[in-house]
Amino acid sequence: MQTVDGGVMAATKRIGALVPATNPVVEPDFYRVLPPEITVHFERMFNGDWATQPKQSENSGHQISISSEEAATVDTALFGFDADKMNEDVSRGARSLSNIKPDILVYACTSGTYHKGYIQFDREMSQEMQLASGVESITAVGSCIEAFKHMGSKKLSIAGPYRHFHLRNRLKPLLEEAGFEVLSADGEPWMQDSMNPLEIEEETVQTIIDFVPTVAKDEADTIFLPGTAWRGLDAVEPLEQKLGKTVISVNQATIWLALRRIGWTEPIQGFGSLLRNLG
């Protein structure tokens, strides 16, 4: 690429990310953390008519007409949207992102691949992205597993914006399959009754900082904050200082692995010990 004076500009590394249509948190988290030498580009995975657009009958599958108590016992009621519906849009999104020639693709959603409860499905989603795009692809869940291994994590406490059922019966066994001991898995109380994915991002950082110490086990060496629409990234640093433990949020881990895969190894300050360990 030529500059105005005839010189050659250094090639900019590019990250492409698939994000749920209802998630307004992933993009600003990436923008704040990434160094200026790296750009990030997003494509939204459609998950139904949630906002102000005219409602269409073919998009009503996520409108689950069951009680909150019933929703806490079925796979498809992850805050009211069917993860399978969203995943039907993954190949299209990956193909679309491939047109900007990204160096890596990211699936930036936690529940979209952990809701089955086993690792193989998460791996299948990254493989589907890679086949559709021809670009190396990673998932948020896979990034967290790699981050735990890198930081020497053995015993985990999970604190997130999900119902207890999904954390304890889907995410916990997946992480145990990956070789970690999960000592606890607790959902933030207000989110237990949520039937709307838009409500995840409404919880403040301070709510997270106040909630996590009430459920984190003393024996845990690592606290895991899932939920890419949860504002966990900004809670990591203060929680590490308060608890004296490694704290890993899903967006932090996804950014970390994407950077490592494209060759960035310089430490990034202000967002927890994981991003200070990029080398």
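Higher on the page you've got the structure.
Colleague: What is the right way to read the sheet that holds strand β2 (residues 38–45) from this model?
Modeller: Either a parallel or an antiparallel arrangement is found when strands of a sheet pair, and the pairing is made through backbone hydrogen bonds. Taken together, the four strands give an open sheet; going across it, the order is β2-β1-β3-β4, and neighbouring strands pair in parallel fashion. Each having just a single partner strand, β2 and β4 (137–139) make up the two edges of the open sheet. Along the sheet, successive strands turn relative to each other by an average axial angle of 25°, direction set aside. Packed on one face of the sheet, helix α1 (residues 26–33) meets β1 (13–20) and β2 and runs near 175° to β2.

Colleague: Where do I start with unusual backbone geometry in this structure?
Modeller: Excluding glycine, residues mostly carry a negative phi; peptide bonds, for their part, are mostly trans. Here the phi dihedral of lysine 101 falls at roughly 55°; this positive angle occurs in a residue that is not glycine. With respect to the helices, strands and loops of the structure, lysine 101 is situated in the loop between α4 (90–98) and β3 (104–107). Using a relative accessible area of 69% as the deciding quantity, one classes lysine 101 as exposed.

Colleague: Got a minute to help me understand α1 in this structure?
Modeller: Quick reminder: α-helices carry 3.6 residues per turn. Residues three or four places apart thus point the same way. Every buried residue of α1 is accounted for by Val26, Glu27, Asp29, Phe30 and Val33. End-on, the buried residues of α1 take up no more than an arc of 165°, which puts them together on one face.

Colleague: Help me understand the packing of α4 against helix α6 (residues 119–133), please; the structure alone is not making it clear to me.
Modeller: Two quantities define a packed helix pair, namely the angle between the helix axes and the distance between the axes. At a minimum axis separation of 8 Å, α4 and α6 run at an interaxial angle of 45°. Here α4 is positioned oblique relative to α6, judged by the angle of their axes. Pair α4 / α6 crosses with right-handed handedness. Residue-level contacts link Val90, Ser91, Ala94, Arg95 and Ser98 of α4 to Met125, Glu128, Met129, Ala132 and Ser133 of α6. Each residue belonging to the contact of α4 with α6 can be placed in one class, and the counts come to five nonpolar, three polar and two charged.

Colleague: In this structure, what is going on with the nonpolar core? I would like to understand it.
Modeller: If you look at the biggest cluster of nonpolar residues, it comprises 50 residues, and the most contacted ones within it are Ile15 and Leu175. In terms of residues, this core owes the most to one element, helix α11 (residues 250–261), which gives seven residues. Setting aside its immediate chain neighbours within four residues, isoleucine 15 contacts Phe30, Leu34, Ile38, Thr39, Val40, His41, Pro102, Ile104, Val106, Ala258 and Ile262.

Colleague: It is not clear to me how the pairing of strand β7 (residues 222–225) should be interpreted in this structure. Could you clarify?
Modeller: Within a regular strand, side chains alternate between the sheet's two faces. The side-chain alternation of β7 yields two buried faces, one formed by Thr222 and Phe224 and the other by Ile223 and Leu225. By the bridge criterion, three bridges tie strand β5 (residues 155–160) to β7 in an arrangement that is parallel. Counterpart to serine 157 in the pairing with β7 is isoleucine 223. Where β7 lies against strand β8 (residues 246–249), four bridges are found, and the strand directions are parallel. Considered in β8, the bridge of phenylalanine 224 is made with isoleucine 248. Each parallel crossover has a hand, and the one from β7 via helix α10 (residues 233–243) to β8 is right-handed.

Colleague: Looking at this structure, I do not really get the pattern of salt bridges. What am I missing?
Modeller: Side chains bearing opposite charge may pair, as long as their charged atoms lie close to each other. On inspection of all chains with the given rule, the structure shows twelve salt bridges. In this structure, glutamate 43 and arginine 92 form a salt bridge, with 2.8 Å as the shortest nitrogen-oxygen distance. You can see glutamate 43 sitting in strand β2 and its partner arginine 92 sitting in helix α4, a full 49 residues away along the chain. A relative accessible area of 38% means that arginine 92 is categorised as partly exposed. With a closest N to O distance of 2.8 Å, arginine 168 and aspartate 186 form a salt bridge. One end of the pair, arginine 168, is in helix α8 (residues 164–177); the other, aspartate 186, is in strand β6 (residues 181–187), with 18 residues separating them in the sequence. Residue class for arginine 168 comes out partly exposed when judged on its relative accessible area of 39%. Look at aspartate 186 and you get buried, because its relative accessible area is 15%. Residues joined by salt bridges that share partners form a network here, namely Asp29, Arg32 and Asp234.

Colleague: What's the story with the side chain of aspartate 89 in this structure? I'm lost.
Modeller: Tracing the backbone shows aspartate 89 in the loop between α3 (83–87) and α4. Take aspartate 89: its relative accessible area is 13%, and that puts it in the buried class. For aspartate 89, the residues in contact, after removing those within four places along its chain, are Arg44, Met45 and Phe46.

Colleague: Looking at this structure, how should I read the packing of aromatic side chains?
Modeller: For any two aromatic rings, the description comes down to two numbers: the centre-to-centre distance and the angle of the planes. Applying the stated criterion across every chain yields a total of five aromatic pairs. For the ring pair phenylalanine 148 and phenylalanine 180, a centre distance of 5.3 Å and an interplane angle of 75° mean the geometry is edge-to-face. In this pair, phenylalanine 148 sits in helix α7 (residues 140–150) while phenylalanine 180 sits in the loop between α8 and β6, placing the two residues 32 residues apart along the sequence. Every member of this aromatic cluster is reached through a ring pair, and the members are Phe30, Tyr31 and Phe42. The residue whose ring lies beneath lysine 116 is phenylalanine 121, and the NZ or CZ to ring-centre distance is 5.5 Å.

What counts and what doesn't
Residues numbered from 1 in each chain as written. Predicted model: local features only at pLDDT ≥ 70, side-chain atom pairs only at ≥ 80, totals over all residues. Heavy atoms only, no water. Pairing = 2+ DSSP bridges. Helix = DSSP H or I, 4+ residues; strand = E, 2+ residues; numbered from the N terminus. Axes fitted to C-alpha atoms, helices over the stretch in contact; angles between N-to-C directions. Contact = heavy atoms within 4.5 Å. Buried < 20%, exposed > 50% of the residue type's maximum accessible area, 1.4 Å probe, protein only. Arc of directions from axis to C-beta. Parallel < 35°, antiparallel > 145°, perpendicular 65-115°, else oblique. Left-handed = near helix turned anticlockwise from the far one by under 90°. Nonpolar A, V, L, I, M, F, W, Y, C, P; charged D, E, K, R; others polar. Core = buried A, V, L, I, M, F, W, Y, C linked by side-chain atoms within 4.5 Å. Right-handed = clockwise from strand over helix to strand, strands pointing away. Salt bridge = Lys/Arg side-chain N within 4 Å of Asp/Glu carboxyl O. Phe/Tyr/Trp six-rings, centres within 6.5 Å; stacked < 30°, edge-to-face > 60°. Lys NZ or Arg CZ within 6 Å of the ring centre and 35° of its normal.

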